[in-house]
Amino acid sequence: HALFLAGRENMLNAETLKTIYSKSDSKEMKEQICHVATMLDDEEAGLDVLLHIARSEDDPELTRAVIFWIGEFDDPRAADFLLEVINEE
């Protein structure tokens, strides 16, 4: 809950989210970090966080969740990534 509130108040940046994600063992925390990344004022940075996570996450369920969040961005990089995923299948 605190992470969500900090994100909503713009107290977090992309690098902080990446660091928290990499050090977390909690699936719930990782999902929350993905959600908070979508709320960053700097949408490009938020997408960068999600793309980084999607390319490095080993848990298929978390990866699917991250792909969902990436799909919410109106950014050519998001579309390119989604095409990459589709073409890998």
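Throughout what follows, the structure given in this document is the object of discussion. (Residues numbered from 1 in each chain as written. Predicted model: local features only at pLDDT ≥ 70, side-chain atom pairs only at ≥ 80, totals over all residues. Heavy atoms only, no water.)

1. With respect to the side chain of Ser24
Convention followed: Secondary structure elements are taken from DSSP: a helix is a run of H or I of four residues or more, a strand is a run of E of two residues or more, and numbering for both begins at the N terminus. Burial classification: accessible surface area is computed with a 1.4 Å probe over protein chains only, and a residue below 20% of its type maximum counts as buried, one above 50% as exposed, and the rest as partly exposed. Between two residues, a contact is recorded if the distance between any of their heavy atoms is within 4.5 Å.
Within the secondary structure layout, Ser24 lies in the loop between helix H2 (14-23) and helix H3 (27-37). A relative accessible area of 11% places Ser24 in the buried class. Excluding residues within four positions of it along the chain, Ser24 makes contact with Met29 and Lys30.

2. Description of a negative patch on the surface
To be explicit about the condition: Patch construction takes residues with relative accessible area above 30% that form no salt bridge. Like charges are linked within 9 Å, and nonpolar side chains (Val, Leu, Ile, Met, Phe, Trp, Tyr) are linked within 5 Å. We get accessible surface area from the Shrake-Rupley algorithm with a probe of 1.4 Å; when it comes to residues, only the shown protein chains can shield them. Salt bridge, as applied in this entry: a Lys or Arg side-chain nitrogen positioned within 4 Å of an Asp or Glu carboxyl oxygen. Positive residues here are Lys and Arg, negative ones are Asp and Glu, while His and the chain termini are left out of the count. For the purpose of locating charges, the reference atoms are NZ of Lys, CZ of Arg, CG of Asp and CD of Glu.
Among the surface-exposed residues, Asp41, Asp42, Glu43, Glu44 and Asp74 lie close enough to one another that they form a single negatively charged patch. The residue Glu43 is located in helix H4 (residues 43-56) in this model.

3. Observations concerning H4
Heads up, the condition is: In this scheme, a helix's expected span is set at 1.5 Å multiplied by one less than its residue total.
With 14 residues, H4 should reach 20 Å at 1.5 Å per residue; the first-to-last C-alpha distance of 20 Å fits that figure. Among all positions in H4, only Ala45, Gly46, Leu47, Val49, Leu50, Leu51, Ile53 and Ala54 are buried. In this structure, the buried residues of H4 make contact with H2, H3, helix H5 (60-70) and helix H6 (76-88).

4. Brief notes about the pattern of salt bridges
For the structure shown, the criterion picks out 7 salt bridges. The residue Lys18 makes a salt bridge to Glu15 at a minimum N-O spacing of 3.6 Å. Taken as a pair, Lys18 and Glu15 lie in helix H2 at a separation of 3 residues, close to a single helical turn. The closest approach of N and O atoms between Arg77 and Asp48, which form a salt bridge, is 2.3 Å. Taken together, the residues span a long stretch of sequence, with Arg77 in helix H6 and Asp48 in helix H4 at a distance of 29 residues.

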